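Chain by chain, the residues run as shown.
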Amino acid sequence: RLEPSANWRQPQGTGSDWAAIPDHPVVHVTLADALAYAHWAGGTLPTEAQWEYACRAGTTGDYAGDIGAIAWTDENSGRTTHAAGLKQTNAWGLADIAGNVSEWCLDWYDVYRGGEVINPRGPNSGSQRVFRGGVWDFPAKYYARSARRNRDNPNLRVDDLGFRLALTPERIASPAPSSAAAEKN
């Protein structure tokens, strides 16, 4: 749903405040908003292939587990977002990846060309960006499937679309400083 006065600071529009729902996913963010935060945090957004790989967590079926147990969808959400982490995680410990809000990916949208590929990347440009994942306001059978692809204008800002950070190889290779090292500084 598009709420013209909403943004990440006022997720339900004028008069609302993100501080009232601090554990809920961030919504009403454009792709540029998500990328800016990811850069600031030292990460990135996942590619579409990385997102699906993480969502599936080694599974091969339509869903990465009992969808009612791992995702907020139209059937169980009460028509609103929920605090992150209330549902069971997938087999790799990722919470809410199958449903709560959809998540922006790095890739521009294009149709699949067929054939088997490993870690494919989208085209270098386009008019629509990919987002993946089930949402609190649509039925699981359509939107919570691990392979479900969605796309829209990268300037889209709605109440069921957010993002998930992915660590860059550099970030994975350099662990956070220990508390002892932090105390020295």
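This one's a predicted model, so the numbers in the text were calculated from it and none came from an experiment.

Visitor: Teacher, can you tell me more about the nonpolar core here?
Guide: Soluble globular proteins tend to pack their nonpolar side chains together in the buried interior. Counting 8 residues, the largest nonpolar core is built from Leu-31, Ala-34, Ala-38, Leu-45, Trp-104, Phe-131, Val-158 and Leu-161. Among the elements that take part in this core, helix H1 (residues 31–40) stands out by supplying 3 residues, more than any other. Residues in contact with Leu-31, not counting those within four places in the same chain, are Leu-45, Trp-104, Cys-105, Arg-129 and Pro-154. Ranked by size, the runner-up nonpolar core spans 7 residues in total, among them Ile-67, Ala-71, Ala-98 and Ala-144.

Visitor: I keep staring at the confidence of the model for the chain and nothing clicks. Help me out?
Guide: In regions of low pLDDT, the predicted coordinates are not meant to be interpreted in detail. Confidence along the chain averages 88 in pLDDT terms, with 85% of residues attaining 70 or more. For residues 179–185, every residue scores under 50 in pLDDT, and the model assigns this stretch 0 contacts once sequence neighbours within four places are set aside.

Visitor: What's the story with the packing of aromatic side chains in this structure? I'm lost.
Guide: Across all of its chains, the model carries 5 aromatic pairs by this definition. Between the aromatic rings of Tyr-37 and Phe-163, the centroid separation amounts to 5.7 Å while the plane-to-plane angle is 55°, which identifies the pairing as tilted. Taken together, the residues span a long stretch of sequence, with Tyr-37 in helix H1 and Phe-163 in the loop between strand E7 (161–162) and strand E8 (166–167) at a distance of 126 residues. A connected cluster of aromatic rings, assembled from ring pairs, spans Tyr-37, Trp-40 and Phe-163. Here the basic side chain of Arg-129 rests over the ring of Trp-108, its NZ or CZ set 4.0 Å away from the ring centre. Positioned above the aromatic ring of Tyr-109 is the side chain of Arg-151, whose terminal nitrogen or guanidinium carbon lies 4.2 Å from the ring centre.

Criteria and cut-off values
- Residues numbered from 1 in each chain as written.
- Predicted model: local features only at pLDDT ≥ 70, side-chain atom pairs only at ≥ 80, totals over all residues.
- Heavy atoms only, no water.
- Core = buried A, V, L, I, M, F, W, Y, C linked by side-chain atoms within 4.5 Å.
- Buried < 20%, exposed > 50% of the residue type's maximum accessible area, 1.4 Å probe, protein only.
- Helix = DSSP H or I, 4+ residues; strand = E, 2+ residues; numbered from the N terminus.
- Contact = heavy atoms within 4.5 Å.
- pLDDT = per-residue confidence, 0-100.
- Phe/Tyr/Trp six-rings, centres within 6.5 Å; stacked < 30°, edge-to-face > 60°.
- Lys NZ or Arg CZ within 6 Å of the ring centre and 35° of its normal.

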